[in-house]
Amino acid sequence: MNYWLMKSEPTTFSIEMLERSPNQTAPWDGVRNYQARNFMKQMQINDLAFFYHSSCKVPGIVGLMRVSKLAYPDFTALDPKNCHYDPKSTPEKPIWEMVDVQFVEKFSEITPLKILQLEIHLNDMPLVRKGNRLSIMPVSPLQWQTMMNLTERNK
DNA sequence: GCCAACGTTGGC
DNA sequence: GCCAACGTTGGC
């Protein structure tokens, strides 16, 4: 099993919205970055991922989700009316993919980026590097445990 | 709202 | 294939 971290702007899609979704499951659509897409293609069913809120007052980790469907074409890229529409992507040759994720847990408190930045074991994560824009990234078992310990401390 | 960082685009 | 211009991300 693999671990991941996935960013979303909470005004666009928050962990609360995921929790309220039918079957607490939703597609992770709208990714338009090749590196992030390639990570989604590597995901396996039941892989766990941190849900990260970005571009908000306190950015940080807010909960857990699991991968419930393997990568498949992102329909928002094929819909001209969608804001993520990409004319280069066609039903025959879709460029962009997404996975489905299912809500697992919302932490009692956010674990802020500021706290994550202090952890030496997380120094190598793109997440804590200045100017980082990668929205989906792998998390090593050590990094996962380090971050989980921080969320435990919040309880 | 600002701006640094970085990915993408397109002219050459 | 280079690289300048542009657009977007995302912390602050």
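Residues numbered from 1 in each chain as written. Chains lettered and ligands numbered in written order. Predicted model: local features only at pLDDT ≥ 70, side-chain atom pairs only at ≥ 80, totals over all residues. Heavy atoms only, no water.

## Some thoughts on the protein's contact with DNA strand C
Every residue lining DNA strand C is accounted for by K7, Y52, S54, S55, P59, L113, Q117, N132, R133 and L134. Of everything in DNA strand C that lies within 4 Å of the protein, sugar and phosphate atoms constitute 75%. Separating a phosphate oxygen of DNA strand C from a side-chain N or O atom of K7 is a distance of 3.2 Å. The contact in question runs from a phosphate oxygen of DNA strand C to an N or O atom on the side chain of Y52, over 2.8 Å. (Near = heavy atom within 4 Å. Polar contact = N/O pair within 3.5 Å; in protein donor to acceptor, adjacent residues only side chain to side chain.)

## Overview of the protein's contact with DNA strand B
In the vicinity of DNA strand B, the contacting residues are Y34, K88, K130, G131 and R133. Within 4 Å of the protein, the contacting atoms of DNA strand B are drawn from sugar and phosphate to the extent of 65%. In the model, a phosphate oxygen of DNA strand B is placed 3.3 Å from a nitrogen or oxygen of the K88 side chain. Of the residues in the surface near DNA strand B, the class split is one nonpolar, one polar and three charged. (Nonpolar A, V, L, I, M, F, W, Y, C, P; charged D, E, K, R; others polar.)

## Side note on helix α2 (residues 34–42)
Along α2, the residues classified as buried are A36, R37, F39 and M40. Buried residues of α2, seen end-on, are gathered within an arc of 160 degrees and therefore sit on one face of the element. Contacts made by the buried residues of α2 are with β1 (3–8), β4 (60–73), β5 (97–112) and β6 (136–139). In this structure N33 caps α2, since a side-chain oxygen of it lies 3.0 Å from the backbone nitrogen of Q35. (Buried < 20%, exposed > 50% of the residue type's maximum accessible area, 1.4 Å probe, protein only. Helix = DSSP H or I, 4+ residues; strand = E, 2+ residues; numbered from the N terminus. Arc of directions from axis to C-beta. Contact = heavy atoms within 4.5 Å.)

## Some thoughts on the sheet that holds β4
If you trace the six strands from one edge of the open sheet to the other, you get β2-β5-β4-β3-β1-β6, paired in mixed fashion. Of all strands in the sheet, those bounded by a partner on one side alone are β2 (25–27) and β6. Across the sheet, the axes of successive neighbouring strands diverge by a mean angle of 35 degrees, strand direction being ignored. As judged from the four bridges shared by β1 and β6, these two strands associate in the antiparallel manner. (Pairing = 2+ DSSP bridges. Axes fitted to C-alpha atoms, helices over the stretch in contact; angles between N-to-C directions.)

## What to know about unusual backbone geometry
For N23, which is not glycine, the phi torsion reads 60 degrees and is therefore positive. Assignment of secondary structure puts N23 in the loop between α1 (15–20) and β2. Positive phi, normally seen in glycine, also occurs at Q24, with a value near 55 degrees.

## Considering the environment of L70
On the secondary structure map, L70 appears in strand β4. Given the relative accessible area of 41%, L70 is considered partly exposed. Put simply, L70 and M43 are 27 residues apart on the chain and 6.7 Å apart in space, counted from C-alpha to C-alpha. When sequence neighbours within four positions are dropped, the list of residues in contact with L70 reads M43, Q44, I45, M98 and V99.

## Side note on the pairing of β1
The buried fraction of β1 amounts to five of the six residues, a majority that puts the element mostly inside the structure. Looking at chain direction, β1 and strand β3 (residues 48–53) are connected through six bridges and run parallel. Within β3, the position partnered with L5 by the bridge is F50.

## Let's talk about the packing of aromatic side chains
For the coordinates displayed, the defined rule picks out seven aromatic pairs. Taken together, a centroid distance of 5.9 Å and an interplanar angle of 55 degrees make the contact between W4 and F39 tilted. Highlighted residues: W4 in strand β1 and F39 in helix α2, separated in sequence by 35 residues. Overall, the relative accessible area of 3% leaves W4 in the buried class. With a relative accessible area of 15%, F39 lands in the buried category. (Phe/Tyr/Trp six-rings, centres within 6.5 Å; stacked < 30°, edge-to-face > 60°.)

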